[in-house]
Each structure stands twice: as structure tokens, then as C-alpha cells.
There are 2 protein chains.
Amino acid sequence: MPAWNVLAATCPSRTSLARIANKWTAMAVAVLGNGRLRFGDLKTQLEGISGKVLTETLRDLERDGLVTRHVHAEVPPRVEYELTPLGLTLHEPLLALCRWAEEHIAEVLENRENYDAR
Amino acid sequence: MPAWNVLAATCPSRTSLARIANKWTAMAVAVLGNGRLRFGDLKTQLEGISGKVLTETLRDLERDGLVTRHVHAEVPPRVEYELTPLGLTLHEPLLALCRWAEEHIAEVLENRENYDAR
DNA sequence: CGGAATCCTTTCGGATACTG
DNA sequence: CAGTATCCGAAAGGATTCCG
């Protein structure tokens, strides 16, 4: 196996980093860590996300094997999304990012004010 | 202090999440964790980044107080960037993301193949 | 309900040229 | 060297409509 390195422009690992280092991905994986959720509930929790973007985000996560899609043969349809074992290994790191943003936003806002005042 | 929550559409913490949950930010903070670096060296290490984007990324990080900019009064100019104490608290989480991408890319690539084969 | 399709606007990000 | 300014194409992402 090659020495994967996100710093190398053509290394495939960078495509994976680009996908996980993303606002919506972080929020989705953080929320899905609490258990499987149906599309509509996820959309409600990720306040402000459009249906299109949520669909694309989930499809990408499914393609990379981070999320499984459970389709129930009902009408109206019910589709649930759940983290795979691989996706679970990302839950803590991405939840940590969300927490960081929440825990440090006060300081960040202050820094922005100081910066903009110059 | 309010209950900051990245899931809330208008919560300021989401603007911070959007900035740190980003490919170039993750790579820059990961690299800067090894110590201060001048602009050109950073640009070399973040293979493929354009000068414009690196400048913008660093200015945003500086504005949020994650990075300090050291300008040396020399000619040709020498400018170095360094993580602040606040930025240092992000180093481990973001380095973890880079590492995750490198460590799991083989599995991810396999998952993509399987998915695309359908 | 969970999308897919379409349209449109905004943002991202690269290339180039120029400057202190 | 480390930017800044400008231009442009590509991609992200929202709104709306329609369908099984």
C-alpha cells in the first residue's frame, strides 16, 4: 500500500478529506451518531439544509460506505439513514468539530471584532 | 451565555464550523501544528493550493484568532504564520481528520467501486 | 414522503498580471 | 517574497416543481 498523504495533490485520500471536512457532513454524521434517522427528521435537525443538498450529502456518504440507506416498502415511503461501522469511527472526530465551534464561538466572535476594528 | 448550537440555522457557531470544517483549513492547521512557517513554505506543503486561496484561508484564520501573522522588516519580505493557543486546540481535531482520510482511503475507494458498480 | 429534475444565484477557486 | 487586483470558469447550494 502506498504512503497515503493528504498533502499530496493527487493522493486519493484528499478526495476523502474534502468530503468529510465539510459543514453539512460534520453536522449529519454528528446527528446520525445518536441512531438511525429518517430523511425528513434529518432535514429538520439540520436546520436550513435544502432537500437537494441533504440528498447529495447522504448519497456521497453512502457511496463512501459511511452511511447505509434503509428503504421501507410502505406508502408513503419511509427511508432511514444510519452510520456504518466505518461511519461510526468518524462520529467522534466530527462531533468534536461541532463541539469546538460551539465552545469557542464566543472567543472567535471577540477576535473577529478586534480584527475588523483595524 | 446562550446555548450555542451549530444545528440552529442562525447560531453564530455555525459560521465558525463552516470555516474549520474545510479541506484547506484542516490541512493548513495540521501543518502549522509543527511550528511557524512562512507563506511560501506553507504554499509548497499544501500542494496544489493557489496563492489567492492560501491568502484568504490564512486571513480568515487570523481574523478568528487561530493564527498569528509575523511580518519581518526585511527585503525581500518574510512573513511567517503560527497557530495561536486557540488555534492549537484545533490542531489535534483537524489533524485527526487528515489522518482518518489517509487511514481509511483504501476502504473508502473499495466502497466507491462497489457502489458505482450498481 | 423522499426524492429527481430543472433553473438560477452565489461562492469557490484557479490563472494571470502587477506591486512594495 | 508575499501579497493584491482582476477576470473567469466551475462548483456549491437554494427554490420550485413534479412524481412513484
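Residues numbered from 1 in each chain as written. Chains lettered and ligands numbered in written order. Predicted model: local features only at pLDDT ≥ 70, side-chain atom pairs only at ≥ 80, totals over all residues. Heavy atoms only, no water.

Here's the deal with the UniProt feature "domain: HTH hxlR-type" (unreviewed entry) in chain A
Inclusion rule: UniProt positions are given in the numbering used here, feature names are shortened, and annotations may be inferred rather than shown by experiment. Only DSSP runs of H or I reaching four residues or more are called helices, and only runs of E reaching two or more are called strands; each is numbered from the N terminus.
The feature "domain: HTH hxlR-type" (unreviewed entry), as annotated in UniProt, sits at residues 11-109 of chain A in this numbering. Helix makes up 64% of residues 11-109 of chain A and strand 14%, and the two end C-alpha atoms of the span are 35 Å apart.

Section: the nonpolar core
Note the cut-off: Take the buried residues of types Ala, Val, Leu, Ile, Met, Phe, Trp, Tyr and Cys, join any two whose side-chain atoms come within 4.5 Å, and each joined set is a nonpolar core. Working definition: with a 1.4 Å probe on protein chains only, accessible area under 20% of the residue-type maximum means buried, over 50% means exposed, and in between means partly exposed. Residue contacts follow a heavy-atom distance rule, with two residues in contact if any of their heavy atoms lie within 4.5 Å.
Core analysis: the largest hydrophobic core is formed by 68 residues, its most contacted members being L17(A), L46(A), L17(B) and L97(B). Beyond its immediate stretch of four places on either side in the chain, L17(A) contacts V6(A), K23(B), M27(B), L97(B), C98(B) and A101(B).

Quick look at the protein's contact with DNA strand C
Short version of the rule: Only heavy atoms are used to decide nearness, and a residue is near a molecule or strand if one of them lies within 4 Å of it. In the analysis that follows, any N or O atom pair within 3.5 Å is treated as a polar contact, provided that within protein one partner can donate a hydrogen and the other can accept it, and provided that, for residues neighboring in sequence, both atoms belong to side chains.
Among the 16 residues in the neighbourhood of DNA strand C, the closest are listed as R69(A), Y81(A), S50(B), K52(B) and V53(B). Among atoms of DNA strand C positioned within 4 Å of the protein, sugar and phosphate together represent 66%. Contact distances for DNA strand C include 3.0 Å between a phosphate oxygen and a backbone N or O atom of G40(A). One of the backbone nitrogen or oxygen atoms of P77(A) is found 3.4 Å away from a sugar or linking oxygen of DNA strand C. The set of elements that each furnish at least two residues to the surface near DNA strand C consists of α3 (39-45), α4 (51-63) and β3 (78-83) of chain A together with α4 (51-63) of chain B.

Some thoughts on the relation of the copies chain B and chain A
Quick reminder of the rule: Here the copies are superposed with least squares, the fitted atoms being C-alpha atoms of residues at a pLDDT of at least 70 in both.
With an RMSD of 0.0 Å, the operation that places chain B on chain A is a rotation of 180° combined with a shift of 0.0 Å along the axis. With respect to symmetry, the two chain copies, as superposed, fit the operation of a two-fold axis. Judged by C-alpha distance, A21(B) is the residue of chain B that lies nearest the rotation axis, at 2.3 Å. A symmetric contact is evident, with 100% of the interface residues of chain B recurring at the interface of chain A.

Details of the environment of A9(A)
With respect to the helices and strands, the residue A9(A) is situated in the segment before α1 (13-20). Excluding residues that lie within four positions of it along the chain, A9(A) makes contacts with R14(A) and E47(B).

Some remarks on the interface of chain B and chain A
Quick note on the threshold: When a carboxyl oxygen of Asp or Glu is within 4 Å of a side-chain nitrogen of Lys or Arg, the pair counts as a salt bridge. Amino acids outside the nonpolar list (Ala, Val, Leu, Ile, Met, Phe, Trp, Tyr, Cys, Pro) and the charged list (Asp, Glu, Lys, Arg) are all regarded as polar, and Gly is one of them.
Across the boundary between the two partners, chain B contributes 49 residues, which contact 49 residues of chain A. Taken together, the connections running from chain B to chain A amount to four salt bridges. The closest approach of N and O atoms between D116(B) and R63(A), which form a salt bridge, is 2.4 Å. On the surface where chain B and chain A come into contact, there are 20 residue pairs in polar contact (both at pLDDT 80 or more). At the level of secondary structure, the elements contributing two or more residues to the side of chain B that touches chain A comprise α1 (13-20), α2 (23-32), α4 and α5 (85-116) of chain B. In terms of residue count, the dominant contributor to the side of chain B that touches chain A is α5(B) (19 residues). Residues of the side of chain B that touches chain A, tallied by class, amount to 27 nonpolar, 10 polar and 12 charged.

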